[in-house]
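Here are the chains, one letter per residue:
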Amino acid sequence: MLSVLRSPAKQIVQCLVLLAAGCLTTMTGGIVAPVFPEILQHLHLEPRWAGMLISIHALMIALFTPILGILADRIGKLKVLIAALIFYAVFGISGAFIGHFLPLLADRALLGIASGGISAACIGLLSNMFEGEARLQVLGYATSAMTTASIFVPLLGGWVGSYNWKFAFFIYGVSLPIALAAALMLQEADRSENSALSNMMGNQLIKAITKPQVIRLFITLALAAAIVYSVVIYTPVYLNETIGADAKLNGIVLTARAIGATVVSALAANWIGKRLGRNVTIALGFILMASMLATIPVLKDISLILYAAVFFGAGFGVAVPHMYNGLAEFSPPELRSSVMAIGTGFNSLGQFICPIFLGAVWQSWGLTNVFYVTAGVGLMIAVWIVSASIQESQRQKAKGKRRI
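Residues numbered from 1 in each chain as written. Predicted model: local features only at pLDDT ≥ 70, side-chain atom pairs only at ≥ 80, totals over all residues. Heavy atoms only, no water.

### Quick word on the overall build of the protein chain
Counted only if it meets this: Helix and strand definitions here come from DSSP, where helices need a minimum of 4 consecutive H or I residues and strands a minimum of 2 consecutive E residues; each element is numbered from the N-terminal end. Per-residue accessibility, obtained with a 1.4 Å probe over protein chains only, is compared with the maximum for each type, and a residue is labelled buried under 20%, exposed over 50%, and partly exposed between these values. Note on areas: Shrake-Rupley with a 1.4 Å probe; residue coverage comes only from the protein chains shown.
Counting secondary structure elements, the protein chain contains 17 helices and zero strands. Put simply, the protein chain has 404 residues, and 51% of those count as buried. Carbon and sulfur atoms form 69% of the exposed surface of the protein chain, whose accessible area is close to 18100 Å².

Here it is as structure tokens:
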């Protein structure tokens, strides 16, 4: 467990270091997306396969975050964090010097693995620093920070890349000063005393991740990510076709979504959770996202579209901190990095499969139905969460009566 220094100022600095590191995961694809057309042009890449340069990191995060989370629990979260931050800079900057598709794809995949290590270690360290309401609040801040980063990172990548597309890759080097700050400011308890416990981690981890509540949270994280990506990918296309929205207007709409998520996750998620409970709050988040998705094909006025985007982001900002906090509550402290890293892996998996599934919907039934299908999925998830929660409550009451 992270050794939290008594000074509030130092504890705040520790949190800021971890939040800064966590925000790097949103940079992995966002930095190069604005200069993607220039990469296509200068490297003469085939468009059919070149898109994998933007999406391959999500698959690698999904595959390797759980593995690196287990490694973090065994050898130390701080060790994994610092190593991942260094490799993040190395593989990120290397992209500027690679001139062929397959080597660049491999480099982007390695960058995704490093990003998975950062995610696994950060979320494990943050979740172990705090308990109860404080942890939920910090996870809300983390969601806000990463959502805010997702707003500004593409702008930064586009601005730097406007001088030369290769310059965008050098932004990845920001992970090096963060690695130095982590080495200086963060400490982790000596793990030698837990050597006997580490031998039992395999069985304990299996027990932890096979709990029905944990499995449900894994699935909801993946589907929440897929729903959010449906907005990111398909809303700009739809608005361009229907109201002639240009890149600037589409950027404003996506920014409104991110602002909604940022404000609600930081300021309201904890308050709502106290009053409604975790499961109902998560279900409420999915209902908000689904409702706003269903309005997209109906709304034509840009002001109403912006309101819908804000409320959609609010739904995401309500649900996600409670999902991660639920994983932390259902996990032993020594296995939190592993369990929550698996959750992050499911999140990235949802991002990766979103265009595969919804692309088929678009091709078969049209772009409008993409939003209706996704909204339907969101509502079904909400019903599933509430019904499963009711069933669990009834089982607990029945057990209590039998004991009496």
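### Structural notes on the environment of proline 333
Residue position: proline 333 is located in the loop between helix H15 (302–329) and helix H16 (336–365). Judged by relative accessible area, proline 333 falls into the partly exposed class, the value being 35%. It is 8.9 Å that separates the C-alpha atoms of proline 333 and glycine 124, two residues lying 209 residues apart in sequence.

### Some words on the pattern of salt bridges
Threshold: The rule for a salt bridge is simple: a side-chain nitrogen of Lys or Arg has to be within 4 Å of a carboxyl oxygen of Asp or Glu.
Tallying each qualifying case throughout the model produces one salt bridge. Two residues, glutamate 329 and arginine 278, come together in a salt bridge whose shortest N-O distance is 2.7 Å. Of this pair, glutamate 329 sits in helix H15 while arginine 278 sits in helix H14 (residues 278–295), placing them 51 residues apart in sequence. The class for arginine 278 is partly exposed, based on a relative accessible area of 22%.

### Some points on the packing of aromatic side chains
As a reminder of what qualifies: Two aromatic rings, drawn from Phe, Tyr or Trp (for Trp, its six-membered ring), form a pair once their centres lie within 6.5 Å of each other, and the interplanar angle then sorts them: stacked below 30 degrees, edge-to-face above 60, tilted otherwise.
On inspection of all chains with the given rule, the structure shows eight aromatic pairs. Relative to phenylalanine 91, the ring of phenylalanine 87 lies with its centre 5.8 Å away and its plane at 15 degrees, an arrangement referred to as stacked. Here phenylalanine 87 and its partner phenylalanine 91 are both found in helix H5 (residues 77–94), four residues apart, which amounts to about one turn of the helix. Taking the relative accessible area as the measure of exposure, phenylalanine 91 reaches 19% and is therefore buried. Ring centres of phenylalanine 218 and phenylalanine 346 lie 5.0 Å apart, and the angle between their planes is 5 degrees; on these two criteria the pair is classed as stacked. Taken together, the residues phenylalanine 218 in helix H11 (residues 212–243) and phenylalanine 346 in helix H16 connect sequence positions 128 residues apart. The exposure class of phenylalanine 218 is buried, given its relative accessible area of 5%. When its relative accessible area of 29% is taken as the criterion, phenylalanine 346 is described as partly exposed.

### Observations concerning the packing of helix H13 (residues 269–276) against H14
What counts is decided by this rule: A fitted line through C-alpha atoms serves as each axis, taken over the contacting stretch for helices, and the angle formed by two N-to-C directions is quoted from 0 to 180°. Relative orientations are named as follows: roughly parallel for angles under 35 degrees, roughly antiparallel for angles over 145 degrees, roughly perpendicular for angles from 65 to 115 degrees, and oblique for any other angle. A clockwise turn of the near helix away from the far one marks a right-handed crossing, whereas an anticlockwise turn of less than a right angle marks a left-handed crossing. Throughout, a contact is declared for two residues whenever any of their heavy atoms are within 4.5 Å.
Here H13 crosses H14 at 125 degrees, and the two axes come no closer than 7 Å. In this view, H13 runs oblique relative to H14, as classed from their interaxial angle. Both H13 and H14 take part in a crossing whose hand is right-handed. On the side of H13, the interface is formed by Ile272, Gly273 and Leu276, while H14 contributes Arg278, Val280, Thr281 and Leu284.

### Digging into the environment of leucine 43
On the secondary structure map, leucine 43 appears in helix H2 (residues 36–43). Counting along the chain gives 56 residues from leucine 43 to glycine 99, while the straight-line C-alpha distance between them is 6.2 Å.

### Observations concerning the side chain of serine 175
Counted only if it meets this: In protein, a polar contact requires one atom able to donate a hydrogen and another able to accept it; more generally it is a pair of N or O atoms within 3.5 Å, and residues adjacent in sequence count only if both atoms are side-chain atoms.
Looking at the secondary structure, you find serine 175 in helix H8 (residues 175–185). Relative accessible area serves as the criterion here: at 0%, serine 175 is assigned to the buried category. A distance of 3.2 Å separates a polar atom in the side chain of serine 175 from the backbone oxygen of tyrosine 172. When near neighbours in sequence (up to four residues on either side) are disregarded, serine 175 contacts Leu24, Leu85, Tyr88 and Ala89.

### Here's the deal with a nonpolar patch on the surface
Inclusion rule: Residues enter a patch when their relative accessible area is above 30% and they make no salt bridge; the linking distance is 9 Å between like charges and 5 Å between nonpolar side chains (Val, Leu, Ile, Met, Phe, Trp, Tyr).
The grouping of Phe97, Leu156, Trp159, Tyr163, Phe167 and Phe170 at the surface amounts to a nonpolar patch, some 720 Å² of accessible area in total. Take tyrosine 163: it is sitting in the loop between helix H7 (132–161) and H8. Its relative accessible area of 58% is what places tyrosine 163 among the exposed residues.

### Re the packing of H11 against H16
The description of two helices packed together rests on the angle between their axes and the distance between the axes. Where H11 meets H16, the closest approach of the two axes is 7 Å, and the angle between their N-to-C directions is 45 degrees. As summarised for this structure, H11 and H16 are arranged oblique, according to the angle between their axes. For H11 against H16, the interelement crossing comes out right-handed. In contact with Val214, Phe218, Leu221, Ala222, Ala225, Ala226, Tyr229, Ser230, Ile233, Tyr234 and Val237 of H11, H16 contributes Val339, Ile342, Gly343, Phe346, Asn347, Gly350, Gln351, Cys354, Pro355, Leu358, Gly359 and Trp362.

### Examining the nonpolar core
Rules: Take the buried residues of types Ala, Val, Leu, Ile, Met, Phe, Trp, Tyr and Cys, join any two whose side-chain atoms come within 4.5 Å, and each joined set is a nonpolar core.
Ranked by internal contacts, the top residues of the largest apolar core, which has 55 residues, are Phe286, Leu293, Phe312, Met323, Tyr324 and Leu327. Contributing elements (two or more residues each) for this core: helix H10 (201–209), H11, helix H12 (247–267), H14, H15, H16 and helix H17 (367–403). A total of 12 residues in this core trace back to one element, the largest contributor, which is H11. Among all residues touching leucine 293, those that are not within four sequence positions of it are Ile227, Ser230, Val231, Phe312, Phe371, Thr374 and Ala375. Counting residues in hydrophobic clusters, the runner-up holds 53 residues, among them Tyr88, Cys122, Ala149 and Leu186.

Without other data, these values stay purely geometric and don't point to any function.
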